[in-house]
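# Structural description and commentary
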Amino acid sequence: MASGDNPDQPRHPRSLQGLLKFAMEATKDEDAPREHSMEQMDEERRQFLELALNTVTVDVATEFEKAVQIFEDRDAADEAKVDALEACLEYVQDLDAANDFFQIGGFQIIRPGLESSNANIRSCMLRLIGAMTQHNPFCQLKMLEMDILPKLMEMLSDEPKVAENALHAMSCLIRHCDQAIVAFMAIGGVECILRCMEVGSEKLKACAAFLTTGMVTSYPASRDEFIKLDAVEIFMGIIKPTTKDYDPELDTALYALKHLIECDEAKQRCSSEEGFKEKLDTIIEHSRGNSACEEILRCSQFILKRCFSDHNDETGR
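Residues numbered from 1 in each chain as written. Predicted model: local features only at pLDDT ≥ 70, side-chain atom pairs only at ≥ 80, totals over all residues. Heavy atoms only, no water.

### Description of the overall build of the protein chain
What the protein chain contains, in helices and strands, is 20 helices and zero strands. Relative to its full complement of 317 residues, the protein chain shows a buried share of 44%. By element, 49% of the accessible surface of the protein chain is carried by carbon and sulfur atoms, the whole surface being about 17200 Å². (Helix = DSSP H or I, 4+ residues; strand = E, 2+ residues; numbered from the N terminus. Buried < 20%, exposed > 50% of the residue type's maximum accessible area, 1.4 Å probe, protein only. Areas by Shrake-Rupley, 256 points an atom, 1.4 Å probe, with all protein chains shown as cover.)

Structure representation (structure tokens):
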């Protein structure tokens, strides 16, 4: 059985990061104020902690090689391949380990994983790409050399879970990497993001909005392309009052629009949209006093002041 099939049975940690996560989970019920106890550790917990401590000393490169061998074994079950990829996921959170995965030839399994007929394998490979490329210029450039972006874009039409992981992988691959952003825009990346905003699932829309924000803040030249393709109008169409205590789609859309309207053309488009000011007023009223909606409140107030304040209009001229 793939380790992810039983959420109540945690995977033994294989790294210091994994051990820390395990220790926090294992002791969370003991965090509340209580009298200190000198009770002796029970045998089961002692044995488990000894095993966990032993496993953090493994040779990561060797574990990567084992995982690649399993993945390339034609006789290996799909569940075993998913387990192998999940094992790699635990290590590649570390930048040096992610680079080691490339050095041992691990990248050779990426495209076969993306083309697998098994959705769990495709999803896990996308998560692996995201983990390796996030804030990692070396892996970002290596992925660009593999021309993997068009394949990730194609996978946005896959089933929802796979599509969401594909967009996340793209977001990690291009984040704070001008070369990757330029390559992404050259193959219709902005159009791709805006399609996700219009027809994607709630999670896909939130990720697309987050990606929009990341692009226009780290690569300001992309803002013009977003505006030209009516991103301001698309985001305003998504931004609507809600009765939910917290709406992540609304939160990320407002945050993206806040950064889009930093230029005058986007501000003008926003301020001329009939009924949008009233939407913002309602959202602000609903968000007051709700700690979960603090960012929604701040963004709404910023957009309202930027686009609909007579004082701002005068000082902006």
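### Considerations on the nonpolar core
Ranked by internal contacts, the top residues of the largest apolar core, which has 88 residues, are F101, M132, L152, F235 and L257. Per-element tally for this core: the top contributor is helix α7 (residues 119–133), with nine residues. Contacts of L152, omitting those with residues within four sequence positions, involve L114, L126, I129, A166, A169, M170 and L173. (Core = buried A, V, L, I, M, F, W, Y, C linked by side-chain atoms within 4.5 Å. Contact = heavy atoms within 4.5 Å.)

### Description of the environment of C263
Take C263: it is sitting in the loop between α16 (248–260) and α17 (264–271). C263 gets classed as buried once you look at its relative accessible area, which sits at 19%. In the structure, C263 is positioned 36 residues away from I227 in sequence and 9.6 Å away in space, judged by C-alpha atoms. Contacts of C263, omitting those with residues within four sequence positions, involve R223, I227 and R306.

### With respect to α7
The terminal C-alpha atoms of α7, which comprises 15 residues, lie 21 Å apart, in line with the 21 Å expected from a rise of 1.5 Å per residue. Here α7 lies mainly inside the structure; 13 of its 15 residues are buried. Near the N-terminus of α7, the side chain that reaches the backbone nitrogen of N120, with its oxygen 2.8 Å away, is that of N118. In the segment just after α7, H135 is the residue with positive phi, at about 55 degrees. (Expected span 1.5 Å × (residues − 1). Polar contact = N/O pair within 3.5 Å; in protein donor to acceptor, adjacent residues only side chain to side chain.)

### Looking at unusual backbone geometry
A positive phi angle, close to 55 degrees, is found at H135, a residue other than glycine. Mapped onto the fold, H135 is located in the loop between α7 and α8 (137–145). Taking relative accessible area as the criterion, H135 reaches 48% and is therefore assigned partly exposed. The backbone of D147 shows a phi angle near 55 degrees, a positive value even though the residue is not glycine.

### Quick look at the side chain of N118
Along the polypeptide, N118 turns up in the loop between α6 (110–114) and α7. For N118, a relative accessible area of 18% translates into the label buried. Separated by 3.2 Å, the side chains of N118 and D78 make a polar contact.

### Quick look at the packing of aromatic side chains
With the rule as written, the count across this model stands at five aromatic pairs. Taking the centre distance of 5.1 Å and the plane angle of 80 degrees together, the rings of F64 and F101 count as edge-to-face. Placement of F64 in helix α3 (residues 60–72) and of F101 in helix α5 (residues 95–103) is noted, with a sequence separation of 37 residues between them. For the pair shown, F64 and F101 are each scored as buried. Ring centres 5.4 Å apart and planes at 80 degrees place the aromatic pair F102 and F138 in the edge-to-face group. A residue pair is termed long-range when its members are at least 10 positions apart, and F102 in helix α5 and F138 in helix α8 qualify at 36 residues. On the basis of relative accessibility, which here comes to 26%, the residue F102 falls in the partly exposed class. Members of the aromatic cluster, joined through ring pairs, are F64, Y91, F101, F102, F107 and F138. When the ring centre of F71 is taken as reference, the NZ or CZ atom of K81 above it lies at 5.6 Å. The cationic tip of K258 hangs over the ring face of F302; the distance from NZ or CZ to the ring centre is 5.3 Å. (Phe/Tyr/Trp six-rings, centres within 6.5 Å; stacked < 30°, edge-to-face > 60°. Lys NZ or Arg CZ within 6 Å of the ring centre and 35° of its normal.)

Limitation: the analysis is restricted to geometry and does not speak to function.
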